[in-house]
Amino acid sequence: DVMSSLFSKIYYQTLKDYAYYFHNLNFILHSVIYCYILFIGGRDMHIIINHSSMIPIYEQIVEAIKEAILSNQLSPNEALPSVRALSKELKISALTVKKAYDFLEKEGYTTTVHGKGSYVLEVSQNEVKENCLKETEELLSRAIEKGKCSGITYQEMQDMLSLIMEDIYDSH
């Protein structure tokens, strides 16, 4: 009786554990990040949509397309997918894609020709460099803040940054 009681408790606990893990797995599967590869102008363009992110989906689309433009994955005068085609591919509302395209046009990255579609505009090298500087500053700020929270001193951070820069700049 003691053995069967012990076995019953272990079996019950195992079932509870499986139920818990299954619930978490189910949550993870529903919170998965969707990655779509679109073929635009014969090239792969990755648009990553994270449905569980606090960043609105239209902003995620804007950032992905801006990055493709600034990194020359998309060339000037190249057509973007139609609003309908992109919304179907990403399985989102056409209004969300339209909002992203309108935002890109307002920022000067694209132009829309009524009845024809949206096209990439020429981006100046100054703008590309400015974007790179902004992104680098944001990344460095986060890294320095993390180091500060971890107890790394100003001098230690400066020494580490100097070593990394010497390593990178001397290797190129």
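Residues numbered from 1 in each chain as written. Predicted model: local features only at pLDDT ≥ 70, side-chain atom pairs only at ≥ 80, totals over all residues. Heavy atoms only, no water.

Caption draft 1: Up close: the side chain of Ser 87. Checked against the element boundaries, Ser 87 lands in helix α3 (residues 83-90). Here the side chain of Ser 87 touches Arg 84 through a polar contact of 2.9 Å, landing on its backbone oxygen. The contacts of Ser 87, once residues within four sequence positions are left out, are Ile 92, Ser 93, Ala 94 and Val 97. (Helix = DSSP H or I, 4+ residues; strand = E, 2+ residues; numbered from the N terminus. Polar contact = N/O pair within 3.5 Å; in protein donor to acceptor, adjacent residues only side chain to side chain. Contact = heavy atoms within 4.5 Å.)

Caption draft 2: Region of interest: a negative patch on the surface. The grouping of Glu 67, Glu 135, Glu 137 and Glu 138 at the surface amounts to a negative patch. If one sorts the elements of the negative patch by residue count, helix α5 (residues 125-149) sits on top with three residues. (Patch = residues over 30% accessible without salt bridge, like charges linked within 9 Å, V, L, I, M, F, W, Y side chains within 5 Å. Areas by Shrake-Rupley, 256 points an atom, 1.4 Å probe, with all protein chains shown as cover. Salt bridge = Lys/Arg side-chain N within 4 Å of Asp/Glu carboxyl O. Lys, Arg positive; Asp, Glu negative; His and termini not counted. Charge placed at Lys NZ, Arg CZ, Asp CG, Glu CD.)

Caption draft 3: Expanded view of unusual backbone geometry. Even without glycine at this site, Asn 72 takes up a positive phi of about 65°. Inspection of the secondary structure puts Asn 72 in the loop between α2 (57-70) and α3. With relative accessibility at 58%, the residue Asn 72 sits in the exposed group. In the Ramachandran plot, Lys 91 falls in the positive-phi region, its phi being about 55° despite a non-glycine side chain. Residue placement: Lys 91 occurs in the loop between α3 and α4 (94-106). (Buried < 20%, exposed > 50% of the residue type's maximum accessible area, 1.4 Å probe, protein only.)

Caption draft 4: A look at the layout of surface pockets. Approximately 400 Å³ is the volume found for the largest pocket. Lining the largest pocket we find 13 residues, and of these Glu 63, Lys 66, Asn 131, Lys 134 and Glu 135 sit closest to its centre. Per-element tally for the lining of the largest pocket: the top contributor is α5, with eight residues. A per-class count over the lining of the largest pocket returns three nonpolar, one polar and nine charged. In this structure, the second largest pocket spans a volume of roughly 170 Å³. Leu 80, Pro 81, Ser 82, Val 83, Lys 98, Tyr 101, Asp 102, Thr 112, Gly 117 and Ser 118 together form the lining of the second largest pocket. (1 Å grid on protein atoms, 1.4 Å probe; cavity = no way out; pocket = protein on both sides within 12 Å on 5 of 7 lines; lining within 4 Å. Points joined across faces, edges and corners; volume = space filled by probe spheres on them. Nonpolar A, V, L, I, M, F, W, Y, C, P; charged D, E, K, R; others polar.)

By themselves, these are just geometric observations and shouldn't be taken as functional.
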